[in-house]
There are 2 protein chains.
Amino acid sequence: MQPHAAPGAAGPGRGVAAPAAGRRRRWRPGGDRVTVVRRSAGDRRAQLVEIGLELLPTTPVQDLTIDEVARRAGISRSLLFHYFATKAEYYAAVMDAAAALLRDHVVPRPGTAPAGQLPGMLDRFVTWVETYRDSYLAFVRGAHAGDPGVAEVYEQTREQLVAVALAAVPLPDGPRQRQLVRAWFAFTEDLVLQWTREPTLPRAELLELLVEVLGGLRARAAGPPAGRG
Amino acid sequence: MQPHAAPGAAGPGRGVAAPAAGRRRRWRPGGDRVTVVRRSAGDRRAQLVEIGLELLPTTPVQDLTIDEVARRAGISRSLLFHYFATKAEYYAAVMDAAAALLRDHVVPRPGTAPAGQLPGMLDRFVTWVETYRDSYLAFVRGAHAGDPGVAEVYEQTREQLVAVALAAVPLPDGPRQRQLVRAWFAFTEDLVLQWTREPTLPRAELLELLVEVLGGLRARAAGPPAGRG
């Protein structure tokens, strides 16, 4: 590994406000200890991820250029690759951070009454897509395009929302139930993405409809185990 | 443009059985007339598309290599680019052909009684995905990945299935109705793709469920025009 270059040495050195400056980590992902740094490796990674998040609403992840990210960070392209071994690793870190923000926003707080969990989650999900439509679309597209890092993060996020929905119906957590609730999530995602572009029904009706469709699956989802027919 | 090379000149020249040998077109897409050819340009294009279709079940469209397709056709890479100006144009032609096969298989024959149209279409759609799962997944992924040619063909295909579903419910063909039925198709596609990998409910129940979920949307879909609330 190369030694730690001074931040800004290769770039214009513009004021780099660290979004995660509070977290002072003294290690690098590679495992080497760094004792004297102007900006810790953890902070620098967080800053680079933050830049990716800022670009995400207008730039699908696969179109983020390392040159642009490095330029905004005021570092050289090669220094960026010091923190992220590959472009794919950087993209995965950005997607991971975006998905964590989404989950944090959408998943019910511990202690929320069961009856309020699903409507609250759907309301916040719609708000999220309303606010970050392009970014969310990029996330979905990245996952579908088969980028392994993005697909994994997408599936983790979806499975967390599916688990909330299963508990809300309520349904036991089995393979058939997961399948049906995942398909319901595909319905929800598709409809909300369409609706945020063209709201063809009132928002309150959209939310009621999403709850209704999930409820409608209850009889089939609670049916006998697979292999009966 | 380069002159027409003799077929097989640059390859092993294996027997190239033309799937569309009956169609003797005397023009090339570029518009130039070709009067003397061993294999007409239209036939050669059809043959190259057919090779792509054969590879599609095991190779997502974005992973088809021009070298492999040219090798199988017994022609040079540069001759392939004589028939398709770019890789993207070739991929789009393969997707287009796959989608035409799908539509031809799935959409009800003229004269089918209205009551039988939706169950028949869903049954054939499930059969299609059962038979060509990887190929269909590649189609969906290509469309979601944002390849403009693939996305357009995918949307054309989906809109045709949506139109059949709208007529079957029945529902008028308006923006709200299309939105809801498109979202139902997202549900259907997601569930069938999951189910073909892991059949967690009997096939007949799967088909009934798909019809039920569409029927359940009727009340909301037939509601007042958008903008009421």
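Residues numbered from 1 in each chain as written. Chains lettered and ligands numbered in written order. Predicted model: local features only at pLDDT ≥ 70, side-chain atom pairs only at ≥ 80, totals over all residues. Heavy atoms only, no water.

Chain A appears in an unreviewed UniProt entry as TetR/AcrR family transcriptional regulator from Modestobacter versicolor.

Further remarks concern the overall build of chain A. Scanning chain A from terminus to terminus reveals 10 helices and 0 strands. Listing the helices and strands of chain A from first to last along the sequence gives α-α-α-α-α-α-α-α-α-α. The buried share among the 229 residues of chain A stands at 48%. Contacts in chain A between residues far apart in sequence, at least 24 positions, make up 65% of those at least 6 positions apart. For chain A, the exposed surface amounts to about 10800 Å²; the carbon and sulfur share of it is 54%. (Helix = DSSP H or I, 4+ residues; strand = E, 2+ residues; numbered from the N terminus. Buried < 20%, exposed > 50% of the residue type's maximum accessible area, 1.4 Å probe, protein only. Contact = heavy atoms within 4.5 Å. Areas by Shrake-Rupley, 256 points an atom, 1.4 Å probe, with all protein chains shown as cover.)

What follows deals with the nonpolar core. Membership of the largest hydrophobic core comes to 136 residues, with the highest contact counts inside it found for A:Y136, A:W184, B:Y136 and B:W184. The residues touching A:W184, leaving out its near neighbours within four places in the chain, are A:L118, A:L122, A:A165, A:L210, A:V213, A:L214, A:L217 and B:F187. (Core = buried A, V, L, I, M, F, W, Y, C linked by side-chain atoms within 4.5 Å.)

Okay, the interface of chain B and chain A next. Residue-level contacts link 32 residues of chain B with 32 residues of chain A. Ranking the residues of chain B by area buried against chain A places B:Q179, B:T200 and B:R220 at the top, with a combined share of 22%. Counting every contact that joins chain B to chain A gives 8 salt bridges. A salt bridge links B:R220 to A:E208, with the nearest nitrogen and oxygen atoms 3.1 Å apart. Where chain B meets chain A, there are 14 residue pairs in polar contact (both at pLDDT 80 or more). Residue assignment for the side of chain B that touches chain A shows that the elements contributing at least two residues are α6 (133-144), α8 (175-197) and α9 (203-216) of chain B. Residue classes in the side of chain B that touches chain A are distributed as 16 nonpolar, 6 polar and 10 charged. (Buried area = accessible area lost by both parts, 1.4 Å probe. Salt bridge = Lys/Arg side-chain N within 4 Å of Asp/Glu carboxyl O. Polar contact = N/O pair within 3.5 Å; in protein donor to acceptor, adjacent residues only side chain to side chain. Nonpolar A, V, L, I, M, F, W, Y, C, P; charged D, E, K, R; others polar.)

Attention now goes to the relation of the copies chain B and chain A. Overlaying chain B with chain A gives an RMSD of 0.0 Å, the required rotation being 180 degrees about an axis along which the chain moves by 0.0 Å. What we have between these two chains is a two-fold relation. With an isologous cut-off of 70% or more, the 100% of interface residues of chain B that recur at the interface of chain A puts this contact in the isologous class. (Least-squares fit on C-alpha atoms with pLDDT ≥ 70 in both.)

Residue and element names in this part refer to chain A. Summed over all chains, the structure comprises 14 aromatic pairs over all chains. Their ring planes at 85 degrees and their centres at 5.6 Å tell us that F125 and Y136 sit as a pair that is edge-to-face. With a gap of 11 residues between them, F125 in helix α5 (residues 114-131) and Y136 in helix α6 (residues 133-144) connect regions that are remote in the sequence. One exposure class covers both F125 and Y136, and it is buried. Every member of this aromatic cluster is reached through a ring pair, and the members are F125, Y136, F139, Y154 and F185. (Phe/Tyr/Trp six-rings, centres within 6.5 Å; stacked < 30°, edge-to-face > 60°.)

Let us look at helix α1 (residues 41-55) of chain A. Residue and element names in this part refer to chain A. With 15 residues, α1 extends 21 Å from end C-alpha to end C-alpha; this agrees with the ideal 21 Å at 1.5 Å per step. Across the 15 residues of α1, 12 count as buried, placing the element largely inside the fold. Residues A41, G42, D43, R44, A46, Q47, L48, V49, I51, G52, L53 and L55 constitute the buried set of α1. Against the buried residues of α1 lie α2 (66-73), α3 (77-83) and α4 (87-106). (Expected span 1.5 Å × (residues − 1).)

Quick look at the packing of helix α1 (residues 41-55) of chain B against helix α2 (residues 66-73) of chain B now. All names here are of chain B. It is the contact of α1 with α2, at a shortest axis distance of 10 Å, that shows an interaxial angle of 120 degrees. In this structure, α1 crosses over α2, and the sense of that crossing is right-handed. Facing α1, whose interface residues are R44, Q47, L48, I51 and L55, α2 presents E68, V69, R72 and A73. Of the residues contributing to the contact of α1 with α2, the split by class is 5 nonpolar, 1 polar and 3 charged. (Axes fitted to C-alpha atoms, helices over the stretch in contact; angles between N-to-C directions. Left-handed = near helix turned anticlockwise from the far one by under 90°.)

Right, let's get into the packing of helix α5 (residues 114-131) of chain B against α9(B). Geometry of a packed helix pair, given as the angle between the helix axes and the separation of the axes. Residue and element names in this part refer to chain B. For the pair α5 and α9, the least separation of the axes is 10 Å and the interaxial angle reads 125 degrees. Considering the angle they form, α5 stands oblique to α9. For the element pair α5 and α9, the recorded crossing hand is right-handed. Here L118, L122, D123, V126, T127 and E130 of α5 lie close against α9, whose contacting residues are R203, L206, L207, L210, V211 and L214. (Parallel < 35°, antiparallel > 145°, perpendicular 65-115°, else oblique.)

Attention now goes to the pattern of salt bridges. Enumeration according to the criterion identifies 28 salt bridges over all chains in this entry. Residues joined by salt bridges that share partners form a network here, namely A:R158, A:E159, A:D173, A:R178 and A:R182.

Here we take up the UniProt feature "DNA-binding region" (unreviewed entry) in chain A. Those places that UniProt annotates as "DNA-binding region" (unreviewed entry) correspond, in this numbering, to residues 65-84 of chain A. Secondary structure across residues 65-84 of chain A divides into 75% helix and 0% strand, with the first and last C-alpha atoms of the span separated by 14 Å. (UniProt positions renumbered as here; feature names shortened; annotations may be inferred.)

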